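# Report on the structure
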Amino acid sequence: MAASVDVHVRICEQEIIKYDLEIKALIQDVSECTGPPSTLNDLNYKVKEKFSQLRQRIEDLEQMGKEQDRESDKQALLSQAEGHRKQMLRKLTKESLAQTSSDITESLMSISRMMSQQVQQSEETMSTLATSSRTVQETNEEFKAMTGTIQLGRKLITKYNRRELTDKLLIFLALALFLATVLYILKKRLFPFL
């Protein structure tokens, strides 16, 4: 291998190892994350970003291997690239598990929010029903009071009707007595001999 190619290969190898360690640390952070879903999403985004950088470095190493003149150098670099690619695929499985965990957490948070809204709506409905029940009860009490007033009014009207009939009868009798008295007086004055 030429000296400049050898330097590029070493730099590429060092970057691959660096990204590999960073991915391991981030996956550990994801598995230990107890914070809000936004923190978990940020960690997942960083893991994906590091995987993208790692994939690019592995492709660079593979490309360098393809460009080698000697078959042994070519096979060695391609073998290294393939080994890194297999390791990356095992880590991708962990990363997808972390993403699934994040999605499940988000779903549970969403269900929790929906249940909270349902409980709040139920409380509001119960409050409305209690208010309606009080209103119906108050209206019922008012109707009972009005019924009593109406019955009292009916009794008073019946009593006044009877009183009016009695008054008419008394007036008629008083008028008849008055007329009889006037006739008697006229008879005694005009016809004393009768």
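So, how was this worked out
- Residues numbered from 1 in each chain as written.
- Predicted model: local features only at pLDDT ≥ 70, side-chain atom pairs only at ≥ 80, totals over all residues.
- Heavy atoms only, no water.
- Helix = DSSP H or I, 4+ residues; strand = E, 2+ residues; numbered from the N terminus.
- Buried < 20%, exposed > 50% of the residue type's maximum accessible area, 1.4 Å probe, protein only.
- Areas by Shrake-Rupley, 256 points an atom, 1.4 Å probe, with all protein chains shown as cover.
- Polar contact = N/O pair within 3.5 Å; in protein donor to acceptor, adjacent residues only side chain to side chain.
- Patch = residues over 30% accessible without salt bridge, like charges linked within 9 Å, V, L, I, M, F, W, Y side chains within 5 Å.
- Salt bridge = Lys/Arg side-chain N within 4 Å of Asp/Glu carboxyl O.
- pLDDT = per-residue confidence, 0-100.
- Core = buried A, V, L, I, M, F, W, Y, C linked by side-chain atoms within 4.5 Å.
- Contact = heavy atoms within 4.5 Å.

Attention now moves to the overall build of the protein. Broken down by element type, the protein carries three helices and zero strands. Traced from its N-terminal end to its C-terminal end, the protein shows the element sequence α-α-α. Expressed as a percentage of the 194 residues in the protein, the buried residues total 17%. Within the structure as shown, the protein displays about 15000 Å² of accessible surface, and the carbon and sulfur contribution to it stands at 60%.

Our focus in this paragraph is the side chain of Gln 68. Of note, Gln 68 is situated in the loop between helix H2 (37-66) and helix H3 (71-190). Classification of Gln 68 as buried rests on a relative accessible area of 12%. Looking at Gln 68, its side chain comes within polar contact range of the main-chain oxygen of Met 64, at 3.1 Å.

Before going further, it helps to spend a moment on a nonpolar patch on the surface. On the surface, Leu 175, Phe 178, Leu 179, Val 182, Leu 183, Leu 186, Leu 190, Phe 191 and Phe 193 cluster together into a nonpolar patch covering about 930 Å² of accessible area. On the secondary structure map, Leu 179 appears in helix H3.

Quick look at the pattern of salt bridges now. Under the definition given, this model contains six salt bridges. Here Glu 15 ties to Arg 57 by a salt bridge, and the two come within 2.2 Å at their closest N and O atoms. One end of the pair, Glu 15, is in helix H1 (residues 3-32); the other, Arg 57, is in helix H2, with 42 residues separating them in the sequence. The salt bridge partner of Arg 85 is Glu 62, with a shortest N-O separation of 3.2 Å. Taken together, the residues span a long stretch of sequence, with Arg 85 in helix H3 and Glu 62 in helix H2 at a distance of 23 residues.

Below, the discussion takes up the confidence of the model for the protein. Residues shown with low pLDDT carry predicted positions that ought not to be read at fine detail. Scored by pLDDT, the protein comes out at a mean of 82, with 88% of its residues at no less than 70. Of all secondary-structure elements in the protein, the lowest mean pLDDT belongs to H1, at 81, while H2 reaches the highest, 84.

So, on to the nonpolar core. Counting residues in hydrophobic clusters, the biggest one holds 19 residues, and the most contacted among them are Ile 16, Leu 54, Ile 58 and Leu 61. The set of elements that each furnish at least two residues to this core consists of H1, H2 and H3. If we skip the residues at most four places from it in the chain, Ile 16 touches Leu 54, Arg 57, Ile 58, Leu 61 and His 84.

This part is about the environment of Ile 23. Residue placement: Ile 23 occurs in helix H1. C-alpha separation for the pair Ile 23 and Met 88, spaced 65 residues apart in sequence, amounts to 9.6 Å.

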